[in-house]
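# Chain and residue survey
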2 protein chains.
Amino acid sequence: MNLKQLSELLGLSQTTVSRALNGYPEVNEATRERVLRAVKETGYRPNKAAQRLATGKAGSIGLVMPTAPGHQSDVHFGEFLAGLGEEAVRHDFHFVIMPADPDDEVAALRRLAISGNVDALFVAYMRGHDPRLAMLKSLSMPFVVHGRSFGSEPDYPYLDIDNEAAFYEAARLLLQLGHTRFALMNGPAHLDFAIRRRNGLIAALGERGLELADDCTSHTVMSDEEGLIAMERFLQLAERPTAILCSSTVLALGAIRAVNQAGLKLGENISLIAHDDVLPLLKPENFSVPLTTTRSSLRAAGVRIAQRLIGTVKQAGPFPEQELWKTELIVRASTGPAPQS
Amino acid sequence: MNLKQLSELLGLSQTTVSRALNGYPEVNEATRERVLRAVKETGYRPNKAAQRLATGKAGSIGLVMPTAPGHQSDVHFGEFLAGLGEEAVRHDFHFVIMPADPDDEVAALRRLAISGNVDALFVAYMRGHDPRLAMLKSLSMPFVVHGRSFGSEPDYPYLDIDNEAAFYEAARLLLQLGHTRFALMNGPAHLDFAIRRRNGLIAALGERGLELADDCTSHTVMSDEEGLIAMERFLQLAERPTAILCSSTVLALGAIRAVNQAGLKLGENISLIAHDDVLPLLKPENFSVPLTTTRSSLRAAGVRIAQRLIGTVKQAGPFPEQELWKTELIVRASTGPAPQS
DNA sequence: AGTGGCTTCCAAAGCGCTTTAAAATATGTA
DNA sequence: TACATATTTTAAAGCGCTTTGGAAGCCACT
């Protein structure tokens, strides 16, 4: 059943039927009712491909999912997607997910954009000086970035959390507790959030005349294994750090294993603050020693970004172009006064 | 740049250019080269919507993502998706993800199918007597089910692991170790895998004249909280179970917290075997007491299902309709002889 | 020269929808 | 009643691609 058949059945033109369905005003209310009833009876559904071809709109937002045989899947990604989905389902939008090699994200994004399959783009895993920004701007397709790109003019639509402030505040707390030897377990060095969190920590240390040593910094994929390895390395240093800032509760998971294996007590011998993306699987309050965290819900960010994206496509009022969310610093048991040594 | 412009530029007809691009034989090799070169230079990309309208093929596979404001995102889903993606990227396929309320999956699936946005469907979270099967069969669109539907004729294409055998074998091991009081921490009772795993356990117990008590069975969402709660309940029973079968390492995470809090030792006072979906985040060997598990990679299943789905769409040879993977029983430290009481 | 068979190319007809421009009909006003 | 103005409907032109059904050109063979 297509539009032509339906209109013949009704003795109307395709135009009128199409208009009746799409809520145009220039159609008699009685006719509209008649059309709607016929649609119900026949189970007619407009062909999306044709609709898309005619309008250029697809009712979908596109995103690139980094993946590769060796590439370990990222809980953060899933959680964020859940947020996007929660909002999308309210507006009958869907996603087009383009899987792509992590080294090929620019090209994948371009392919996705020109595929004509999506109305808007969502972009994550931002890097410093991210090359995708220039491409996105040249595209004339709405997009929202999750995060920012350090070193680029912040003139693009984004939603980010204040990573610098988060780790600055976290470091301040630890400084107040008397800690002087800090370590940082961070995400991959090229990623924007990693750069900013590091800067936040360095700024706080700088105010006290302290520095962040290179051998007290690790930049890795945020898996628990890497957390374990990094922490083991820190613990073997002559001047062992007593205060750890950690970019994810996933990293913290491994880090804490290392702490336990070394026979140390979290919150006593060693203090740790992790950033908490509010992953359902990894609640900081459920750790054997509940974790002090900087918190911001990844899922909430997903919801908000979907709102902005869909709103823009539907031209539903203006949205703020740039949003910077504050994180919350939540003190639990993994932080304590610096040990006397 | 569209086909018309490109063909004018080349002084060829649209037909010839289209054929040159799609590898049809009736075009001179020299002309084809010329076309290909022009494509490179101009950066021409065929409009997908038009292609789809003309061919009816979309180059994408559809799936429903259960989501709702309260609905906690599922690590298993993300991991599986990564597997699908890994394969899809090899064939330039993408996904169309339709977010849907978990109670609305049938309707969502139908919407997705008739949307014309997808060539094939992937279906998961199978239930006993799943109503989606009948709908899928009536659809004349290729699909593959992950899991099976207990109580339905197994005449649909699926990939499943042998859940019954997995828990049967796991229970046998614990029986051999002398355990007699068993408990089961399972997924939601209506889901197929939960039904089968329970059956596997009951079968093994039955052979020894044992039964699975109702108060030693929990069916919950597979979160660590629920694991904690269930285990706490088990531990308060007068006849405390000493052998636990657990449907996910996520549940085990919470369960083990309860065990620790009760001052019990895993592998001594209480033995536990969990099913391991090989989540990167939750490696059983990294638990403080490494976990004995039944193992089967969710991600590998994703890859395989994508293969079958894409292969079918591309008509690339026949695939087995039904596949049942064996799980591996891997013994680590969380299982030990039944305590003498 | 005429015929048949290849190879290579093309014009044009869709695919199913939206939308423009115009026609038909209804309504209001002098 | 006649005319201008609203309201409602329509025919037809796309959107950008694939594919059908020829046609043109070329060759070899009678």
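It should be emphasised that the depicted structure is a prediction, and the values quoted were computed from it without experimental measurement.

## Let's talk about the pairing of strand 3 (residues 120-123) of chain B
Residue and element names in this part refer to chain B. Of the two faces of strand 3, the one carrying Ala120 and Phe122 and the one carrying Leu121 and Val123 are both buried. Taken together, the 3 bridges between strand 1 (residues 60-66) and strand 3 define a ladder with parallel strand orientation. Among the inter-strand pairings, Gly62 is bridged to a residue of strand 3, identified as Leu121. Pairing of strand 3 with strand 4 (residues 143-146), which is carried by 3 bridges, proceeds in the parallel orientation. Opposite Val123, over in strand 4, you have Val145 as the bridge partner. Read as a crossover between parallel neighbours, the route from strand 3 over helix 7 (residues 132-137) to strand 4 is right-handed.

## As for the relation of the copies chain A and chain B
Here the second copy of the chain follows from the first by a rotation about an axis and a shift along it. Screw-axis analysis of chain A against chain B gives a translation of 0.2 Å along the axis, an RMSD of 0.4 Å, and a rotation angle of 180°. What we have between these two chains is a two-fold relation. Using C-alpha coordinates, one finds that chain A approaches the rotation axis most closely at Val96 of chain A, a distance of 2.2 Å. By residue overlap, the copies meet face to face through one surface: 98% of the interface positions of chain A are interface positions in chain B.

## Here's the deal with the protein's contact with DNA strand D
Inspection of the region around DNA strand D gives 28 residues, with Thr15 of chain A together with Leu3, Ser18, Arg19 and Tyr24 of chain B positioned closest. By atom count, sugar and phosphate contribute 57% of the portion of DNA strand D lying within 4 Å of the protein. In this structure, Thr16 of chain A approaches DNA strand D through a side-chain N or O atom, which is 3.0 Å from a phosphate oxygen. Between DNA strand D and Thr15 of chain B, the relevant distance is 3.0 Å, taken from a base oxygen to a side-chain nitrogen or oxygen of the residue.

## Concerning the domain arrangement of chain A
By the assigned domains, chain A splits into domain 1 (3-46), domain 2 (60-161 + 299-325) and domain 3 (163-297). The gap between the C-alpha centroids of domain 1 of chain A and domain 3 of chain A is 62 Å.

## Quick word on the packing of helix 1 (residues 3-10) of chain B against helix 2 (residues 14-21) of chain B
Residues and elements named next belong to chain B. It is the contact of helix 1 with helix 2, at a shortest axis distance of 9 Å, that shows an interaxial angle of 100°. Our classification of the angle between helix 1 and helix 2 gives roughly perpendicular. Of helix 2, the residues touching helix 1 (which contributes Leu3, Lys4, Leu6, Ser7 and Leu10) are Gln14, Val17 and Ser18. The class makeup of the residues in the contact of helix 1 with helix 2 is 4 nonpolar, 3 polar and 1 charged.

## Looking at helix 8 (residues 163-176) of chain B
Taking 1.5 Å per residue as the helical rise, helix 8 of chain B with its 14 residues ought to reach 20 Å, and the 20 Å between its terminal C-alpha atoms agrees with that figure. Those residues of helix 8 of chain B that sit buried are Asn163, Ala165, Ala166, Phe167, Ala170, Ala171, Leu173, Leu174 and Leu175 of chain B.

## A closer look at the interface of chain A and chain B
Residue-level contacts link 49 residues of chain A with 48 residues of chain B. Taken as a group, Ser73, Leu281 and Asn286 of chain A account for 14% of the area that chain A buries against chain B, more than any other trio of residues on that side. For the pair chain A and chain B, the interface holds 2 salt bridges. Of the charged contacts in the structure, one is a salt bridge between Glu225 of chain B and Lys283 of chain A, with a shortest N-O distance of 2.9 Å. Summed over the shared surface of chain A and chain B, the result is 8 residue pairs in polar contact (both at pLDDT 80 or more). Among the elements that make up the side of chain A that touches chain B, the one with the highest residue count is helix 5 (residues 75-88) of chain A (8 residues). In terms of residue class, the side of chain A that touches chain B is made up of 24 nonpolar, 11 polar and 14 charged.

## Remarks on the environment of Ala252 of chain A
All names here are of chain A. Relative to the elements of secondary structure, Ala252 occurs in helix 11 (residues 249-261). Judged by its relative accessible area of 0%, Ala252 falls in the buried class. Sequence-wise, Ala252 and Pro284 are 32 residues apart; in three dimensions their C-alpha atoms are separated by 9.5 Å. Among all residues touching Ala252, those that are not within four sequence positions of it are Cys246, Leu272, Ala274, Phe287 and Leu291.

Rules used throughout
- Residues numbered from 1 in each chain as written.
- Chains lettered and ligands numbered in written order.
- Predicted model: local features only at pLDDT ≥ 70, side-chain atom pairs only at ≥ 80, totals over all residues.
- Heavy atoms only, no water.
- Buried < 20%, exposed > 50% of the residue type's maximum accessible area, 1.4 Å probe, protein only.
- Helix = DSSP H or I, 4+ residues; strand = E, 2+ residues; numbered from the N terminus.
- Pairing = 2+ DSSP bridges.
- Right-handed = clockwise from strand over helix to strand, strands pointing away.
- Least-squares fit on C-alpha atoms with pLDDT ≥ 70 in both.
- Contact = heavy atoms within 4.5 Å.
- Near = heavy atom within 4 Å.
- Polar contact = N/O pair within 3.5 Å; in protein donor to acceptor, adjacent residues only side chain to side chain.
- Domains from an automatic or database assignment.
- Axes fitted to C-alpha atoms, helices over the stretch in contact; angles between N-to-C directions.
- Parallel < 35°, antiparallel > 145°, perpendicular 65-115°, else oblique.
- Nonpolar A, V, L, I, M, F, W, Y, C, P; charged D, E, K, R; others polar.
- Expected span 1.5 Å × (residues − 1).
- Buried area = accessible area lost by both parts, 1.4 Å probe.
- Salt bridge = Lys/Arg side-chain N within 4 Å of Asp/Glu carboxyl O.

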